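Structural characterization, general
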Amino acid sequence: MITRREFLAISSVPVAARVAGHWESNPHIVEPIGDVSSALPWYATMRRCGQININERDPIDMDVEQWIDYWASLKVDAVLLNGGGIVAYYPTEVPLHHRSEFLGSRDLFGELTAAARAKGIRVVARMDCNYAYEPAVKAHPEWFERDEDGALRPHGESTWLFKTCMFSPYFSVQMPAIFREINRRYGVDGFFTNGWPGTGALTVCYCDACRDVYKTRVGGIPPPDTDATSPLYRKYYEVFMDRVVEIWEQWDGVAKEGSRDSVYVGNLGGGIRTVKDMWRIGRTAGWFNADHQGRAGNTPIWDCSLQGRVAAAMMKGATATNVTGAYANTQPLWRHIAKSPAEATLWMAQTTASGMVPWYHWLGAHPEDTRWRETGSDFFRWLADNEPHFRNRRSIADVAVVYPQRTVAFYRSGTGSEAWTGADRARTSEYLQGIYYALLEARVLVDFVAEDDLGEETLRKYGVLILPNAAYLSDRHVQQIHEYAARGGSILATFETSLYNEWGDRRRDFALADLFGATADGEVLPPHDNGYMRIEQIHPVVEGFGGTSLLPGAAERVPIRAADPSALVLSVVPAYPSFPPEMVFPRHPHTSEPAAVFRQNGRARVAYFAGDIDRTFWRSTNTDLSRLLDNTVRWLRGDRHPLATIEGDGVIEAFAWETEPGIALHLVNYTNPHMMRGWFRRFYPTGVLRIELAVPGGRPIQRARALRAGRDLPLQIEGTRLRFETPPVADYEVIALT
Ligand SMILES: [Zn+2]
């Protein structure tokens, strides 16, 4: 018996993209045999793409040649061009497929496609499956989402458009009919749908199709908001994901009716704030597009890198793109004003550094602001000039952070059973942000791994596995983490990690209690200021804290009992009043309650923090907590030498990749007064960076070249370790080692 997936993997050329990803995870397949790139689908080797997202009025006088000339000047492999869905930009004959009111006798999509082809650029038809016009409502009322009272769901701003339902035949019949018409007429290289499926919370619709699904497959109407305590929600989550995968596979199949090399790509993204089952989507998608176009509000600059980490964990080497909005996607939003060049460049730099393919995006064919053009062409031309060094084979990293998808999606604060709120959702990303910020300050080469991907094949390259409050873990996840530790892997875990099953049902104790050397001794305590950790004995994790016996304590903690009370390194000093000053003294300056447990078992070391020190660090940015986390990772490595050390001034994120020609070390410079809140206005160069890097697999390396500076660097080679200095990094540097 062969599964559908296995069949696809051996029979279908496009799925070779997945095989490419497999190299990364399978040490037995070290090198591709023969010229595999020619067997890969086109999008597996794509390195740059662009999108002009036109509006309904643009067909009046859009200058096709000028636009395609611009994209050709960026040396893009593919362009995204508006085909249809809400608005058709060609003379469609599919009933109820709304032609642009301004199309006239023009076939704008056809013109654009022909012009792109003439320049050797692939064409992906950009579609929108999410809304349709009133005539469609009249003819097919069953295509549309409904409120509980049967009301249609009009678009918030463009109120003459109505939301379509993914459980309805609009998705399974009408959209495929449109795709087939475009295939037949234009033979496009792929289809992309704006806005679907997305990665955020599930929606609940009350149309007839959905009511039938609730009755026959869910067993009742699910709650309107995320609530994994509800058995109906749990069932709906699975049914919803089934439908996403069913539609994705159907549309991919329809794309491939046009050409075996064609592909359907949905719209994902969401960075580290995903609710939908990303791992499952990653098993379905040949191409992951992250619609993470920029940052707004109090978002750190590295949010794009976080997106790349998530995409890499889900796709395992298969294509991931990230859209950079060339426009001002802040709050407020301006669709027709360019983003500052420094901000847009750093976004594209992070896209590339984290292993994704940049996709540059502008709205409207008649820009009055053209400043974005130069920003895109400068970056893309530089990429094209150095393309071989961006053909990644596998990441070089020795520390893995588990992306705790179920916790991110479903977690409720441990202190109560109140309804899940938006505040909870914001909170779930803060554990991960705290760990990430500490690792970034420590300049550790790190990957994310999916919690559903904790098998030996994936984890064997990592000496340290980090679980940042991975509270919701299944028995299988737990077993795989135990197996990792049994093989000698070290673990850092925080707060409520493994205290709940994958849906949030509380266990009697941590499922990883024996690994932690600690058992839960009561419920999570309410958050507080002014709690501390006391240094009880000398230990590598408390190095560098001369001058203090107290460290800042976590805002929340699980009370624990340690299996070995004599090994107390950090004890809890319970919170005491912080106001008024007369009252500010500890009531219990000494306790035997551990704030953390550090254990060693052969090569495997385990550090467990009972408090949410990751989230507390993120919220406070307290430097002691950053140092404590850095020390802990160093201790967890034991005698394993870090793959890279980077010395010199600046806030830098480092990524390393084995590439087709050798190794590429990417250094992204975040040193900027606007690091934590956009936008970058200009760059503040780092100092000279002194770097030592291990050569994986003993690849012969003779030359180091800084691709942005455009010059060779003196290289010292000592056994399998390389030493070199980079010139100051302004925005981004890539050291190509060949
Ligand atoms: Zn519905």
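To be clear, the structure that these remarks concern was listed above.
As a starting point, this report considers the structure included with it. (Residues numbered from 1 in each chain as written. Predicted model: local features only at pLDDT ≥ 70, side-chain atom pairs only at ≥ 80, totals over all residues. Heavy atoms only, no water.)

**Things to note about the overall build of the chain**
Within the chain one finds 19 helices and 33 strands. Whereas a compact globule of 738 residues would reach a radius of gyration of roughly 27 Å, the chain reaches 26 Å, a difference of no more than 12%. The burial tally for the chain puts 60% of its 738 residues in the buried class. Long-range pairs, those at least 24 residues apart, make up 76% of the contacts in the chain between residues at least 6 apart in sequence. Accessible surface, the chain as shown: approximately 28200 Å² in total, 51% of it carbon and sulfur. Taking the 79 positively charged and 89 negatively charged side chains of the chain as two groups, their mean positions are separated by 2 Å. (Helix = DSSP H or I, 4+ residues; strand = E, 2+ residues; numbered from the N terminus. Rg over C-alpha atoms; globule rule 2.2 N^0.38 Å. Buried < 20%, exposed > 50% of the residue type's maximum accessible area, 1.4 Å probe, protein only. Contact = heavy atoms within 4.5 Å. Areas by Shrake-Rupley, 256 points an atom, 1.4 Å probe, with all protein chains shown as cover. Lys, Arg positive; Asp, Glu negative; His and termini not counted. Charge placed at Lys NZ, Arg CZ, Asp CG, Glu CD.)

**Points about the coordination of the zinc ion**
For the zinc ion, every protein donor is listed as Cys165 (SG), Cys205 (SG), Cys207 (SG) and Cys210 (SG), and the spread of their distances is 2.2 to 2.3 Å. Because the angles between the 4 donor atoms bound to the zinc ion fall within 96 to 120°, the donor set is best described as tetrahedral. As a motif over one chain, the donors of the zinc ion read C-x39-C-x1-C-x2-C. One end of the pair, cysteine 165, is in the loop between strand S5 (162–163) and helix H6 (169–186); the other, cysteine 207, is in the loop between strand S6 (190–197) and helix H7 (208–218), with 42 residues separating them in the sequence. Each member of the pair, cysteine 165 as well as cysteine 207, carries the same accessibility label: buried. (Donors = N, O, S within 2.8 Å, 3.2 Å for Na, K, Ca; no water. Tetrahedral: all angles 85-135°; square planar, octahedral: opposite > 155°, others 65-115°.)

**Considerations on the pairing of strand S1 (residues 49–53)**
For S1, the buried fraction is high: 5 of the 5 residues fall into the buried class. In S1, alternate side chains face the same way, and those of Cys49, Gln51 and Asn53 on one face and Gly50 and Ile52 on the other are all buried. Taken together, the 5 bridges between S1 and strand S12 (residues 357–363) define a ladder with parallel strand orientation. Residue pairing for S12: asparagine 53 is matched across the bridge by leucine 363. Pairing of S1 with strand S2 (residues 78–82), which is carried by 4 bridges, proceeds in the parallel orientation. Bridging from a neighbouring strand, glutamine 51 pairs with leucine 80 of S2. Crossover connection from S1 via helix H3 (residues 64–73) to parallel S2: handedness right-handed. (Pairing = 2+ DSSP bridges. Right-handed = clockwise from strand over helix to strand, strands pointing away.)

**A closer look at the sheet that holds strand S29 (residues 704–706)**
The strand order across the open sheet built from 6 strands is S13-S26-S27-S33-S29-S30, with neighbouring strands paired in antiparallel fashion. What marks the edges here is a single partner per strand, and that holds for strand S13 (392–395) and strand S30 (711–713). Ignoring which end each strand starts from, the neighbouring axes of this sheet average 30° apart. Here 3 bridges tie S13 to strand S26 (residues 652–659), and the two strands are oriented antiparallel to one another. (Axes fitted to C-alpha atoms, helices over the stretch in contact; angles between N-to-C directions.)

**Overview of the pattern of salt bridges**
Here the structure, examined in full by the defined rule, presents 46 salt bridges. Two residues, aspartate 189 and arginine 122, come together in a salt bridge whose shortest N-O distance is 3.0 Å. Here aspartate 189, found in the loop between H6 and S6, pairs with arginine 122, found in strand S3 (residues 122–128); they are 67 residues apart in sequence, far enough to count as distant. With its nearest N and O atoms 3.1 Å apart, the salt bridge here joins aspartate 303 to arginine 273. Separated by 30 residues along the polypeptide, aspartate 303 in helix H10 (residues 303–315) and arginine 273 in the loop between strand S7 (264–268) and helix H9 (278–284) bring together distant segments of the chain. Exposure remark for aspartate 303: the relative accessible area of 2% places this residue in the buried category. Taking relative accessible area as the criterion, arginine 273 reaches 32% and is therefore assigned partly exposed. Salt bridges sharing common partners tie together Arg427, Glu430, Glu556, Asp612, Arg615 and Arg619. (Salt bridge = Lys/Arg side-chain N within 4 Å of Asp/Glu carboxyl O.)

**Side note on helix H8 (residues 231–258)**
Here H8 is 28 residues long and its end C-alpha atoms lie 42 Å apart, about the 40 Å a rise of 1.5 Å per residue gives. Sitting at the amino-terminal end of H8 is serine 230, which places a side-chain oxygen 3.1 Å from the backbone nitrogen of leucine 232. (Expected span 1.5 Å × (residues − 1). Polar contact = N/O pair within 3.5 Å; in protein donor to acceptor, adjacent residues only side chain to side chain.)

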